[in-house]
Amino acid sequence: AGDAGARLALAKPLVWVHVPKAGTSMVNLFYSHPGICPLAPDGTKLPKDTTLPAQTLFKEYPPYKFCAGAFPDDRPLAQQARHMSFGPLFTKFQGHIVEMFRQPEQRLLSAYYDVHWRSSHSWTL
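Draft legend 1. Examining the overall build of the protein more closely. A tally of helices and strands in the protein yields eight helices and two strands. Its helices and strands taken in sequence order, the protein reads α-β-α-α-α-α-α-β-α-α from the N to the C terminus. Looking at the protein residue by residue over its 125 residues, the buried ones come to 32%. Long-range contacts, defined as pairs at least 24 residues apart, comprise 59% of the intrachain contacts of the protein with a sequence gap of at least 6.

This is the structure:
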């Protein structure tokens, strides 16, 4: 049981498994949560005027400064934001993993209509 702050403290450092088209907005959640990124200014979120929103945000507000202790040093948030295999890391980070799930059809539609994402994959209209 315990309060939410105590549970969050037990879960840190957080390891985000980023499934494609299901969770970039998790970065907004991390930066807006005072227990995760306490030094981030109010209203900090992914910029919409770039094809690389996470990288742009991390450059302006480096997670190691604004979210100190929230993410493991050997798996920083910038690395977690990429779509990487996680299976081999499960045992190491068990109990610290966060992931956002989305209906598969919604992921497919999101990928299809996202011209920036689609341009780096083999999808054509």
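There's plenty left to go through after this.
Draft legend 2. Geometry of the environment of P20. Position of P20 relative to the elements: it lies in the loop between β1 (15-17) and α2 (26-32). On the accessibility criterion, P20 (27% relative accessible area) is partly exposed. It is 9.9 Å that separates the C-alpha atoms of P20 and R102, two residues lying 82 residues apart in sequence.

The rules behind each value
- Residues numbered from 1 in each chain as written.
- Predicted model: local features only at pLDDT ≥ 70, side-chain atom pairs only at ≥ 80, totals over all residues.
- Heavy atoms only, no water.
- Helix = DSSP H or I, 4+ residues; strand = E, 2+ residues; numbered from the N terminus.
- Buried < 20%, exposed > 50% of the residue type's maximum accessible area, 1.4 Å probe, protein only.
- Contact = heavy atoms within 4.5 Å.

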